[in-house]
Amino acid sequence: MKCPYCGYLQDRVVDSRESKEADSIRRRRECEKCNRRFTTYERIDEIPYMVVKKDGRRERFDRQKVLSGLLRACEKRPVSSTQLETVVDATESYLMDAPERERTTSEIGELIMKHLKGLDTVAYIRFASVYRDFKDVREFKEELEDLLESHRTGKGKK
């Protein structure tokens, strides 16, 4: 850290304290050349993960919103809260592991449906019906037929 008084590059930390909000660290430093003290602050530079909606709007990724959608899809189904947390964790990891800070709702929705398909087919269909916004019974029937075909060929888990 460069001394703001003399420009010397060597100092020592005299005291460190976390802020009340626990979002930064305050450090008192002393220059090793002029012995003057100065304060620095450290904080995490948070750039939020964003979700690009179908209409082009951008929203912060909301873990609770994903979990809420999964809870609705899995209502009265034999899917544990631990399994749902695992799906949400995987979704969040997918966002964090990507070099980009933005993902489309279609990418996220497909990932969630892939996990749900392996957990419970009824929950999968419920989620898909909202996510894919089926316009009529024909679209719904096509999705069910695809699901049945994947079970017949051994690609489905349940």
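In case you missed it, the structure is sitting above this.
On a predicted model such as this, the values are computed, not experimentally measured, just so you know.

## Remarks on the sheet that holds strand β5 (residues 58-60)
Hydrogen bonds between backbone atoms are what pair the strands of a sheet, whose relative direction is either parallel or antiparallel. Spatial strand order, β5-β4-β6: three strands in an open sheet with mixed pairing. Sheet topology places β5 and β6 (102-104) at the edges, where each strand pairs with a single neighbour. In this sheet, neighbouring strand axes are inclined to one another by 30° on average, regardless of whether the strands run parallel or antiparallel. One ladder, built from three bridges, connects strand β4 (residues 50-52) with β5; its direction is antiparallel. Note on β5: the bridge partner recorded for Val 52 is Arg 58.

## Focus: the layout of surface pockets
Counted as a void, the largest pocket has a volume near 630 Å³. Lys 53, Lys 65, Val 66, Phe 127 and Tyr 131 are, among the 23 residues lining the largest pocket, the residues nearest its centre. Elements with a contribution of two residues or more to the lining of the largest pocket: β5, α1 (63-73), α3 (105-119) and α4 (121-131). No other element matches α1, which puts six residues into the lining of the largest pocket.

## Here we look at the packing of α4 against helix α5 (residues 137-152)
A packed helix pair is summarised by two numbers, namely the angle formed by the two axes and the spacing between the axes. Interhelical geometry of α4 versus α5 gives an angle of 150° and a closest axis separation of 11 Å. On the basis of the axis angle, α4 is roughly antiparallel to α5. In this structure, the crossing between α4 and α5 has a hand that is right-handed. Within the contact between the two elements, α4 uses Thr 121, Tyr 124, Ile 125 and Ser 129 and α5 uses Phe 140, Glu 143, Leu 144, Leu 147 and His 151.

## Observations regarding α3
Counting along an α-helix, one turn takes 3.6 residues, and residues three or four places apart therefore face a common direction. Helix length check: α3, at 15 residues, gives a terminal C-alpha distance of 21 Å against a target of 21 Å (1.5 Å per residue), a fit within 8%. Listing the buried residues of α3 in full gives Thr 105, Ile 108, Gly 109, Leu 111, Ile 112, Met 113, Leu 116 and Leu 119. Elements in contact with the buried residues of α3: β4, α1, α2 (81-97), β6 and α4.

## Side note on the pattern of salt bridges
Taken as a whole and judged by the stated rule, the model has 16 salt bridges. Across the salt bridge formed by Arg 17 and Asp 15, the nearest N and O atoms sit 3.2 Å from each other. Put simply, Arg 37 and Glu 30 hold a salt bridge, and the shortest N to O gap is 3.1 Å. For Arg 37, a relative accessible area of 41% corresponds to the partly exposed category. A residue is classified by how much of its surface remains accessible, and Glu 30, at 13% relative accessible area, is buried. Residues participating in the shared-partner salt-bridge network are Lys 53, Asp 55, Arg 57, Glu 59 and Lys 65.

Calculation rules
- Residues numbered from 1 in each chain as written.
- Predicted model: local features only at pLDDT ≥ 70, side-chain atom pairs only at ≥ 80, totals over all residues.
- Heavy atoms only, no water.
- Pairing = 2+ DSSP bridges.
- Helix = DSSP H or I, 4+ residues; strand = E, 2+ residues; numbered from the N terminus.
- Axes fitted to C-alpha atoms, helices over the stretch in contact; angles between N-to-C directions.
- 1 Å grid on protein atoms, 1.4 Å probe; cavity = no way out; pocket = protein on both sides within 12 Å on 5 of 7 lines; lining within 4 Å.
- Points joined across faces, edges and corners; volume = space filled by probe spheres on them.
- Parallel < 35°, antiparallel > 145°, perpendicular 65-115°, else oblique.
- Left-handed = near helix turned anticlockwise from the far one by under 90°.
- Contact = heavy atoms within 4.5 Å.
- Expected span 1.5 Å × (residues − 1).
- Buried < 20%, exposed > 50% of the residue type's maximum accessible area, 1.4 Å probe, protein only.
- Salt bridge = Lys/Arg side-chain N within 4 Å of Asp/Glu carboxyl O.

Remember that the coordinates give geometry; whether it matters functionally is a separate question.
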